[in-house]
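Spelled out from the first residue to the last, the chains are:
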Amino acid sequence: MLAALPLIALAQPLAAEDAPAITQAATVQAVTGWGHPVYDIAPDPAVRFGVLDNGLRYAILRNGTPSDTAVIRFGFDVGWIDESEDELGLAHMLEHMAFNGSRNVPEGEMIKLLERLGLAFGADTNASTGFEDTIYKLDLPRTDMELLDTALMLMRETASELTIADDAVDRERGIIQSETRTRNNFTIRRYKHYFDFVAPETRYAARFRADGTDAIIDTAPGQALRDLYRRFYRPDNAALVVVGDVDPDTIEAKIRERFGDWAVPSTPRVEVAKGNVDLARGPAAANFVDPDVQHMVVIDRFAPYVERKPTIAETDRSRLVALGTAILNRRLQRIANSADAPIISGGASASDFFDIQRRAQLQLQAREGEWQRALAIGEQEWRRAVEHGFTEAELAEQLANFEQRYRDAANQQDTRRNRQLAEGILSTARRERIFVSPQTTYELFLAQKPTITVEAVSQAFARHYALSDPLIHVSTKQAIPDAQETILKAWRSSAAQPVDPPEDRSGLAFAYGEFGTPSPVVADTTIDDLGVRTIRFGNNVRLNLKFTAHEKGRLRYTIRIGSGQLALPATQMGQAAFLSTVSALGGLGEHGYDELRQILAGRRLTYGFDAGEDKFIVRGSGTMADLPLQMQLSAAYFSDPGLRSEMLTRWQAILPPYLAQLDATPQAVARAQVARIVTDGNPRFGIPSEEELAAVTLAEARRLVADQFAAAPIEISVVGDFDSEAVVAAVGSSFGALPARAEALDDWESERLARFTSDRSERVLTHAGAPDQALAMTFWPTTDDDDAQEEATMQLLATVMRLEMLDRIREELGASYSPGANSGMSHIYRDFGTFSTSAVVAPGEADEVFAVVDAIATEFRAGPIDADLLERARTPLLEKIALSRRENGWWLGAIDEAQLRADRLDRVRSYEDRIRAVTPAMLQDAARRYLDPAEALRIRILHESLVL
């Protein structure tokens, strides 16, 4: 929502210092197929751009990641700011109507048509409306002609053939209001207050959650939507992007055939005056108050907008500002990690405020009640950077990080993902930007690198960040008395204090290059049908390798050790949350976290570990060049964990705002309390109590992990593009050199006990968020996942339940924007599982939703489930499985315990067969077995004002 709009499709933010006169080098040398000027930076030649005679812009890119898939993005230059006073909210409502009937697709059939072809609603079929654009999205799991033709046909229907029938509009009103309710939280309210403060004279503030929107949604006639549709859905106001494993010639011909007859209206395109930020009003301040909000300080400075040309000179200036911004952000990170820090986090950004103003911004999350100290940190660190610039060591760290990102992106550009590419190309449509390949970006960086000095970065940063007087927006739980004057007084008090130059922090070296004598490889076999090589070292450390070509130059890894939370007493789940949240900050025995970040700059690494339900684990992705260092770093985290005081400092800072938000929405209450209710108070489920979370200690954390880290089994898995022997050597010289590990995991049988509550009386919980929000949840007990076929059957049963809920609760009743169903059959807890449904609703509609869920369950039990319904659930799932087998992330999850739990590999082999084997009768039998109305547990979460 507040993201920068980049000059061109590069990684760094846009610089905004005053531009020099355009030089000869900035002369237009060519234009793209969309007519965008090309100066001295070449656009990505692989993208085919074109414009039809009617003005429709299109772009096509052949890309093979994931293979045999494609994505379509269809964007219209219309959003919230384009609405008139009597159309508030209708751009979004019009987006919804695109799924509700057109000239050639009857109402209610578009989603079903796509489901039969393998696209799941929400995951593969979606749309979005923002300030300035509306985008329709299809992710195609295959690229056969039938599916491509259908997808383009549906986009063409959206373009000009929507019926927008009055009765369909009436049915959609409740869905829109449900979506608004679902998203009405303190974060959205804070954004609204922020826009009204910094940009009150702009349409961005006027149209973001504008007063009167709900009333218009409830009453606007269908003709109002049809008028908006005809005004903005026109070929010269649209862009179509297709990226995937397709032939550009074929796709271009189909686009010309499908969209060539889309007529251009005789009326001109509509432009709106966006307004401006008042540059002369500062300094000024405002206070947003909400009992659930984090204590936030946002400092903005603005300047007139300057349109930037996509040239080398502009890109170089942008990069200098980005380097300075990154250095300032590292300073703020160090402060946040220090003892008694007044801030939890902080970050600066150099960007444009849309395309109406230049902006420099600093955001800081303060510790509870510490907004004044946080404001002083922000003011002084901003000023320190502007007045004194940066050090050689700081610049060296960020240059290494920038180069690593550019280099890796260039090396991996041949396996960029379809979705990322399509959305990047579409983002250039509305403004004269060019789409640039990662290789070009890397080459531009390398050409500039020899000229990048501390002086150049400091000067560029100072020019950008020394803009207008500040606008300061402070968010607190209680109102600040005389807010503007109090905030500005704190600002002036800080500004009166001199700031010293930064200290030099150079000369550090990594202390963990040697772990002892590597153990020999004692077993090396291959699981032929899965293409997985399994290795065991003499100290019982295990390694699994699967080479793929899915992501060029990239690999993914997991390092799992021991049994995670199962190895901790049930009374110590607070310690598990503590370790998972802040373990990285604990650093190592020889290095603190910030030292590590400096020493290891320019390497893509994962720090720390998570305490999972049944394993301590490190997950990450990187390159072969960085893997040996990753193994050394993670081996050090397990063999010599620092567990330093910085962990506790950060934990004590983040805990109060986290706890304050546990009742901020009905969904938050559900995450915090429902799992423990369902399991009859089992402390291993849900979120630990405030007392447990506040009672954590470093000494207890060290004691709890000591035995597991010292001797529990370790299994490491690597999937992707790598040198197998180099991986074996890297693991052997780090984890393979540790003391011997146990051969098998402990059973922890006494810790695997869980049961569904025997008390089936309805529970009513309360939240403190928006009064018009409620959550209706129904749970049934099932069992664990020992029976693989039963697990697959229940998965499909949950999917068909969701489809029926969408039809009846969303489409027919208009009661909930996104009702859901889920089957969770545990692989950790014996004989335990749940089947559940949930829907965010208006409080008065909860009973009706419960009744619909009961009716669906009763129907599922009474007779075989409709065959078409089953196929609409099954087909997208099978497509998802087929796609997942072309994804390294899925394979990593499939093989990460290939040795310690080898019996579960059969589930990988049989997944599709199990899904295909499910019949309507099997679903009916499962519903009879588990969805007994007498066994259901209802949980209703209402606003606290509605419960006596």
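Definitions and cut-offs
- Residues numbered from 1 in each chain as written.
- Predicted model: local features only at pLDDT ≥ 70, side-chain atom pairs only at ≥ 80, totals over all residues.
- Heavy atoms only, no water.
- Helix = DSSP H or I, 4+ residues; strand = E, 2+ residues; numbered from the N terminus.
- Buried < 20%, exposed > 50% of the residue type's maximum accessible area, 1.4 Å probe, protein only.
- Contact = heavy atoms within 4.5 Å.
- Areas by Shrake-Rupley, 256 points an atom, 1.4 Å probe, with all protein chains shown as cover.
- Patch = residues over 30% accessible without salt bridge, like charges linked within 9 Å, V, L, I, M, F, W, Y side chains within 5 Å.
- Salt bridge = Lys/Arg side-chain N within 4 Å of Asp/Glu carboxyl O.
- Lys, Arg positive; Asp, Glu negative; His and termini not counted.
- Charge placed at Lys NZ, Arg CZ, Asp CG, Glu CD.
- Core = buried A, V, L, I, M, F, W, Y, C linked by side-chain atoms within 4.5 Å.
- Pairing = 2+ DSSP bridges.
- Axes fitted to C-alpha atoms, helices over the stretch in contact; angles between N-to-C directions.
- pLDDT = per-residue confidence, 0-100.
- Phe/Tyr/Trp six-rings, centres within 6.5 Å; stacked < 30°, edge-to-face > 60°.
- Lys NZ or Arg CZ within 6 Å of the ring centre and 35° of its normal.

Trainee: Explain the overall build of the chain to me, please; I cannot follow it from the model alone.
Mentor: On a plain count of helices and strands, the chain comes out with 30 helices and 25 strands. Seen through its C-alpha atoms, the chain measures out along the principal axes to roughly 70 × 70 × 65 Å. Relative to its 948 residues, the chain shows a buried fraction of 60%. Across the chain, the fraction of contacts at a sequence separation of at least 24, relative to all contacts at a separation of at least 6, is 84%. For the chain, the computed accessible surface area is about 35500 Å², with 50% contributed by carbon and sulfur atoms.

Trainee: Can you help me understand the environment of P657 in this one?
Mentor: When you line up the elements, P657 lands in helix α20 (residues 645-660). For P657, a relative accessible area of 3% puts it in the buried group. Separated by 176 residues in the primary sequence, P657 and P481 place their C-alpha atoms 21 Å from one another. If we ignore the near neighbours within four places in the chain, the residues touching P657 are Q294, I344, Q365, E368 and K477.

Trainee: Can you walk me through a negative patch on the surface in this structure?
Mentor: Residues E392, E455, E503 and D504 make up a contiguous surface patch of negative charge. Tracing the backbone through its elements, the reader meets E455 in helix α15 (residues 454-465).

Trainee: Sorry if this is basic, but what is going on with the nonpolar core here?
Mentor: Soluble globular proteins tend to bury their nonpolar side chains together. Formed by 104 residues in total, the largest nonpolar core has its most connected members in F74, F259 and L797. Considering each element in turn, this core owes the most residues, eleven residues, to helix α25 (residues 788-812). Those residues in contact with F259, other than ones at most four positions away along the chain, are L52, N54, L56, F74, L152, M155, R156, A159 and L240.

Trainee: Help me out: how do you make sense of the sheet that holds strand β8 (residues 238-244) in this one?
Mentor: Each strand in a sheet pairs with another by means of backbone hydrogen bonds, the pair being arranged parallel or else antiparallel. Here six strands make up an open sheet; going across it, the order is β3-β4-β8-β5-β7-β6 and the pairing mixed. Whereas interior strands pair on both sides, the edge strands pair on one side only; in this sheet they are β3 (48-51) and β6 (125-129). Strand-to-strand twist of the sheet, defined as the mean angle between neighbouring strand axes without regard to direction, takes the value 15°. Running over the sheet, helix α3 (residues 145-160) touches β5 (70-76), β7 (134-140) and β8 and is turned about 170° from β7.

Trainee: Looking at this structure, I do not really get the pattern of salt bridges. What am I missing?
Mentor: Between side chains of opposite charge, a pair can form as their charged atoms come close. As enumerated under the stated definition, the model contains 83 salt bridges in all. Between D785 and R904 there is a salt bridge, with its nearest N and O atoms 2.8 Å apart. Of this pair, D785 sits in the loop between β22 (774-781) and α25 while R904 sits in the loop between α28 (888-895) and α29 (905-917), and the two are 119 residues apart along the sequence. The partner of E912 in a salt bridge is R885, with the nearest N and O atoms 2.7 Å apart. Placement of the pair is E912 in helix α29 and R885 in the loop between α27 (867-884) and α28, with a sequence separation of 27 residues. Residue E912 is classed as buried on the basis of its relative accessible area, which comes to 15%. The network of salt bridges with shared partners includes E132, D133, K274, D355, R430 and R431.

Trainee: Got a minute to help me understand the side chain of S563 in this structure?
Mentor: Mapped onto the elements, S563 comes out in the loop between β17 (555-561) and α17 (573-582). We classify S563 as buried; its relative accessible area is 5%. S563 has contacts with E613, D614, K615, Q708, L745, D746 and W748, leaving out every residue within four places of it along the chain.

Trainee: How should I be thinking about the side chain of T665 in this particular structure?
Mentor: Summarising the element assignment, T665 is placed in the loop between α20 and α21 (666-678). Not counting the four nearest positions on each side in its chain, T665 is found in contact with N185, H767 and Q773.

Trainee: Got a minute to help me understand the environment of F461 in this structure?
Mentor: Assignment of secondary structure puts F461 in helix α15. Taking the C-alpha atoms as reference, F461 lies 6.9 Å from V386; in sequence the two are 75 residues apart.

Trainee: Please clarify how the pairing of strand β20 (residues 714-720) should be interpreted in this entry.
Mentor: The two faces of the sheet receive side chains in turn, since in a regular strand these alternate between them. Most of β20 sits out of view: seven of its seven residues are buried. Of the two faces of β20, both are covered, the one formed by I714, I716, V718 and G720 as well as the one formed by E715, S717 and V719. The pairing of strand β16 (residues 542-547) with β20 spans six bridges and is classified as parallel. Counterpart to K546 in the pairing with β20 is V719. Looking at chain direction, β17 and β20 are connected through seven bridges and run antiparallel. Paired with I561 across the two strands is I714, which belongs to β20.

Trainee: How should I be thinking about the confidence of the model for the chain in this particular structure?
Mentor: Residues shown with low pLDDT carry predicted positions that ought not to be read at fine detail. Summing up the model confidence of the chain, the mean pLDDT is 94 and the portion of residues at 70 or higher is 97%. With pLDDT under 50 throughout, residues 1-24 is counted as low confidence; its partners more than four residues away or in other chains account for 73 contacts.

Trainee: Would you explain unusual backbone geometry in this entry?
Mentor: The omega torsion of the bond from T65 to P66 falls at -10°, within 30 degrees of zero and hence cis. Note on placement: P66 falls in the loop between β4 (57-62) and β5. A cis geometry characterises the amide bond from G282 onward to P283, with omega recorded as -5°. In this structure, D340 is a non-glycine residue whose phi angle is positive, near 60°. Secondary-structure assignment places D340 in the loop between α10 (312-337) and β11 (343-353). A residue is classified by how much of its surface remains accessible, and D340, at 51% relative accessible area, is exposed. You will see that N540, though not glycine, has its phi angle at about 75°, which is positive. Relative to the elements of secondary structure, N540 occurs in the loop between β15 (532-537) and β16.

Trainee: What is the right way to read the packing of aromatic side chains from this model?
Mentor: The geometry of two aromatic rings is summed up by the distance between their centres and the angle between their planes. Inspection of the entire model under this criterion finds 42 aromatic pairs. Centre to centre, the rings of F461 and Y465 are 4.0 Å apart; their planes meet at 15°, and the pair counts as stacked. Of this pair, F461 and Y465 both sit in helix α15, four residues apart, which is roughly one turn of the helix. Looking at F461, the relative accessible area reads 0%, which means it is buried. When the ring of F638 is compared with that of F735, the centres are 6.5 Å apart and the planes differ by 55°; the resulting orientation is tilted. A residue pair is termed long-range when its members are at least 10 positions apart, and F638 in helix α19 (residues 627-639) and F735 in the loop between α24 (724-733) and β21 (763-767) qualify at 97 residues. Neither F638 nor F735 differs from the other in exposure class; each is buried. Just above the ring of Y191 sits the side chain of R190; from NZ or CZ to the centre is 6.0 Å.

Trainee: Just checking my understanding: could you explain the environment of P141 for this structure?
Mentor: Assignment of secondary structure puts P141 in the loop between β7 and α3. With relative accessibility at 7%, the residue P141 sits in the buried group. In this structure, the C-alpha to C-alpha distance between P141 and L883, residues 742 residues apart in sequence, is 6.8 Å. If we ignore the near neighbours within four places in the chain, the residues touching P141 are D68, T69, L117, G118, L119, L147, E879 and R886.

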